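Descriptive structure summary
Chain by chain, the residues run as shown.
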Amino acid sequence: MKLVTFCLAIGLTLGLTSGLRAQSVGINTDGTTPDASALLDVKSTSQGVLVPRMTKAQRDAIASPANALVIFQTDNTAGFYYNAGTAVAKDWKMVGAGVSQMLYVTLAADHVLNMWAYKIYPSQLNTTVSVVNAANWSDNTFTVPSDGLYQVNAMIIMTSAIYSSSIPAVSPELQVVGTDNSKRYYYGTAAQSNALFYGDQVDTTPANGTPGSLPSSFGRGTLNHVMPLKAGEKVKLFLRSSNSANGVNNTVTLGKDGGSYLSIVKLN
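Residues numbered from 1 in each chain as written. Predicted model: local features only at pLDDT ≥ 70, side-chain atom pairs only at ≥ 80, totals over all residues. Heavy atoms only, no water.

Considerations on the overall build of the chain
The test is simple: Secondary structure elements follow DSSP: runs of H or I no shorter than four residues count as helices, runs of E no shorter than two count as strands, and numbering proceeds from the N terminus. Note on exposure labels: buried denotes an accessible area under 20% of the residue type's maximum, exposed denotes more than 50%, and partly exposed covers the range between, all computed with a 1.4 Å probe on protein chains only. Residues are treated as being in contact if the distance between any of their heavy atoms lies within 4.5 Å. Residue exposure ignores everything except the shown protein chains as possible cover, and the areas themselves are Shrake-Rupley values with a 1.4 Å probe.
The helix and strand inventory of the chain stands at two helices and 20 strands. For the chain, buried positions account for 32% of its 268 residues. The long-range fraction of contacts in the chain, counting pairs at least 24 apart against all pairs at least 6 apart in sequence, stands at 65%. As displayed, the chain has an accessible area near 15800 Å², and 57% of this comes from carbon and sulfur atoms.

Structural notes on the nonpolar core
Threshold: Nonpolar cores were defined as sets of buried Ala, Val, Leu, Ile, Met, Phe, Trp, Tyr and Cys residues, with membership established by side-chain atoms within 4.5 Å.
Membership of the largest hydrophobic core comes to 32 residues, with the highest contact counts inside it found for Phe142, Leu174, Val235, Leu262 and Ile264. Listed by contribution, the elements that provide at least two residues to this core are strand 7 (100-106), strand 8 (111-116), strand 13 (148-162), strand 14 (170-177), strand 17 (219-229), strand 18 (234-241), strand 19 (246-254) and strand 20 (261-266). With six residues, strand 13 is the single largest residue contributor to this core. With sequence-adjacent residues up to four places away left out, Val235 is seen in contact with Trp137, Asn140, Thr141, Phe142, Val144, Leu174, Gln175, Val176, Leu229 and Ile264.

Things to note about unusual backbone geometry
Keep in mind that most residues, glycine aside, have a negative phi and that most peptide bonds are trans. Even without being glycine, Ser64 reaches a positive phi, approximately 50°. Mapped onto the secondary structure, Ser64 falls in the loop between helix 2 (56-60) and strand 4 (70-73). Classification of Ser64 by relative accessible area gives exposed; the value is 56%. For Gln124, which is not glycine, the phi torsion reads 70° and is therefore positive. Secondary-structure assignment places Gln124 in the loop between strand 9 (120-122) and strand 10 (127-128). For Gln124, a relative accessible area of 40% gives the class partly exposed.

Focus on the pairing of strand 15 (residues 183-187)
Applied cut-off: Pairing between strands is defined by DSSP: at least two bridges between them are needed.
Inspection of the sheet shows strand 14 paired to strand 15 by five bridges, in the antiparallel sense. Bridge assignment links Leu174 to a residue of strand 15, and that residue is Tyr186. Following strand 14, the chain reverses through five residues before pairing antiparallel with strand 15; Asn181 in that reversal takes a positive phi of roughly 70°.

Considerations on the layout of surface pockets
Using the following cut-off: In the cavity and pocket records, a cavity denotes points on a 1 Å grid over the protein atoms alone where a 1.4 Å probe fits but cannot get out, a pocket denotes an open set with protein on both sides within 12 Å along at least 5 of 7 lines, and lining residues are residues with an atom within 4 Å of a point. Grid points are joined across faces, edges and corners, and a volume is the space filled by probe spheres set on the points. Following the grouping adopted for this structure description, the nonpolar residues are Ala, Val, Leu, Ile, Met, Phe, Trp, Tyr, Cys and Pro, the charged ones are Asp, Glu, Lys and Arg, and the polar ones are all others, Gly among them.
For the largest pocket, the calculated volume is near 550 Å³. Looking at the largest pocket, it is lined by 23 residues, and the ones nearest its centre are Trp92, Lys93, Asp147, Gly148 and Asn268. Listing elements by their share of the lining of the largest pocket, those giving two or more residues are helix 2, strand 5 (79-83), strand 6 (92-94) and strand 17. In the lining of the largest pocket, the residues fall into seven nonpolar, six polar and 10 charged. Counted as a void, the second largest pocket has a volume near 370 Å³. Ile27, Asn28, Thr29, Asp30, Leu40, Val42, Lys43, Ser44, Thr45, Gln47, Gly48 and Val49 are the residues that line the second largest pocket.

Some thoughts on the packing of aromatic side chains
The line we're drawing: Any two rings among Phe, Tyr and Trp, with Trp reduced to its six-membered ring, count as a pair given centres within 6.5 Å; such a pair is stacked if its planes are under 30 degrees apart, edge-to-face if over 60, and tilted if neither. Criterion for a charge above a ring: Arg CZ or Lys NZ at most 6 Å from the ring centre, at most 35 degrees from the ring normal.
Using the criterion set out here, one finds three aromatic pairs in the structure. Measuring from centroid to centroid gives 5.3 Å for Tyr104 and Tyr261, while their planes differ by 15°, and the two rings are stacked. Of the two residues, Tyr104 is situated in strand 7 and Tyr261 in strand 20; the sequence distance between them amounts to 157 residues. In this structure Tyr104 comes out as partly exposed when scored by relative accessible area, which is 24%. Owing to a relative accessible area of 22%, Tyr261 belongs among the partly exposed residues under this scheme. Seen from their ring centres, Tyr185 and Tyr187 are 6.4 Å apart, and the 15° between their planes marks the pair as stacked. A relative accessible area of 37% places Tyr185 in the partly exposed class. The ring of Tyr81 carries Arg59 above its face, with NZ or CZ at 5.2 Å from the centroid.

What about the sheet that holds strand 3 (residues 53-54)?
Spatially, four strands are ordered 3-4-5-6 in an open sheet, and the strand pairing comes out mixed. This sheet does not close on itself; its edge strands, each paired only once, are strand 3 and strand 6. As judged from the two bridges shared by strand 3 and strand 4, these two strands associate in the parallel manner. For Arg53, the partnering residue across the bridge sits in strand 4 and is Phe72.

Brief notes about the confidence of the model for the chain
Our working definition: Scored from 0 to 100, pLDDT reflects the predictor's confidence in each residue.
Confidence along the chain averages 79 in pLDDT terms, with 75% of residues attaining 70 or more. Confidence, expressed as mean pLDDT per element, reaches its minimum in the chain at helix 1 (residues 2-22) with 45 and its maximum at strand 3 with 96. Across residues 14-20, confidence stays below pLDDT 50; counting only partners more than four residues off in sequence or on other chains, it has three contacts. Confidence drops under pLDDT 50 across residues 194-201; counting only partners more than four residues distant or on other chains, this segment forms 19 contacts.

Below, the structure is given as structure tokens:
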């Protein structure tokens, strides 16, 4: 083993010496001349190149990393990362990373709520449509897989309602639990409306001057936020009822037709 290592070292030294004169270094087994535009030209059909492999914590501990420094991260979200910043202002980015769908969930069955004023309820979204990070959604909680900037959208469609005086509104409310158990909240809006299509509505064209019939949705709530999230944080979606709900005469149904959903997209 020592002899092989010694011979390899001699071979590399000779190759590097030759490469320094020619301004290009070639590593191959067939004697191919390195491309003049490359400082290092590696050729193989049976082997690859290994860059340093390390955890996110080890990556972040690199002192004064050069711009464009490349490593392979083995945990958190594994992959190739490069420093897009400077040695002082580090900005590690994943190679090939861009906008990607992290989660998309809907209702598997109608969600019936007997509502009380201002009370909050878990969203009950339980049909995971997206394959990526499906395991990160459990018990109304999304566990953030990696640091980044995220866009979170939610839509809640009320398909039927029993009420005493006025239709209760339902608004989405997002709770983010930090790794230190601190909590922060992001709020949506709600509208009481019976003029929103949902499900298998028949599109009929009435005669001119004749109004069409209203589809029978009873309200909707929307939420749209862009926020920085860190790996390990917990994102939970709740529904908050309006002050018109008294719990006795107010029952609403959130339909399972796909109108109610939660979407989480990673922007970078």
